[in-house]
Amino acid sequence: MSEDVRLVAWVRGHVQGVGFRWFTRAKALEIGCLQGFALNLGDGRVQVVAEGRRDRCERLLEWLQAGDTPGHVDGVTEIWDTPRGGYDGFAIR
């Protein structure tokens, strides 16, 4: 079984005002068993925090990087950590 992890990703590009957070939430729900959120940042990036099994978080990260998203992704920076918990589902903030 895969270990539980925390993924924090910052997505750069034209990712605000195009439904990016909504589609990210939909993808997280499709993958299943992910907790966290997608948040617009003041500098134009979207921050995505996801907690769950490593393989599921990796699937979400691959989707973020693949370009099959609304808008246009120029790049994704991510860090991996231990889960902190405290999330109820996957939210849009």
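Residues numbered from 1 in each chain as written. Predicted model: local features only at pLDDT ≥ 70, side-chain atom pairs only at ≥ 80, totals over all residues. Heavy atoms only, no water.

*Asks:* How should I be thinking about the UniProt feature "active site" (unreviewed entry) in the protein in this particular structure?
*Replies:* Residues annotated in UniProt with the feature "active site" (unreviewed entry) correspond here to R21 and N40. These annotated residues cover 20 residues of sequence, and their C-alpha atoms all fall within 7.8 Å of one another, placing them together at a single site. Tracing the backbone through its elements, the reader meets R21 in helix α1 (residues 20–31). Setting aside its immediate chain neighbours within four residues, R21 contacts A38, L39, N40, V46, I92 and R93. Position of N40 relative to the elements: it lies in strand β2 (residues 35–40). Sequence-distant contacts of N40, that is, excluding residues within four places in its chain, are made with V15, Q16, R21, R45, V46 and R93. Here the side chain of N40 touches R21 through a polar contact of 3.5 Å, side chain to side chain. (UniProt positions renumbered as here; feature names shortened; annotations may be inferred. Helix = DSSP H or I, 4+ residues; strand = E, 2+ residues; numbered from the N terminus. Contact = heavy atoms within 4.5 Å. Polar contact = N/O pair within 3.5 Å; in protein donor to acceptor, adjacent residues only side chain to side chain.)

*Asks:* Help me understand helix α2 (residues 54–66), please; the structure alone is not making it clear to me.
*Replies:* Each full turn of the α-helix corresponds to 3.6 residues, which orients residues three or four apart in the same direction. Taking 1.5 Å of rise per residue, 13 residues should cover 18 Å, and α2 covers 18 Å from first to last C-alpha, within 8% of that figure. Inspection of α2 places R56, C57, L60, L61, W63 and L64 among the buried residues, and these make up the whole buried set. Along α2, the residues classed as buried sweep out an arc of 155° about the axis, all on the same side. Seen from the open side of α2, the exposed residues pointing more than 90 degrees away from its buried face are E62 and A66. The inward-facing, buried residues of α2 contact β1 (4–14), α1, β3 (46–53) and β4 (72–81). Directly after α2, the chain includes G67, whose backbone phi takes a positive value near 85°. (Expected span 1.5 Å × (residues − 1). Buried < 20%, exposed > 50% of the residue type's maximum accessible area, 1.4 Å probe, protein only. Arc of directions from axis to C-beta.)

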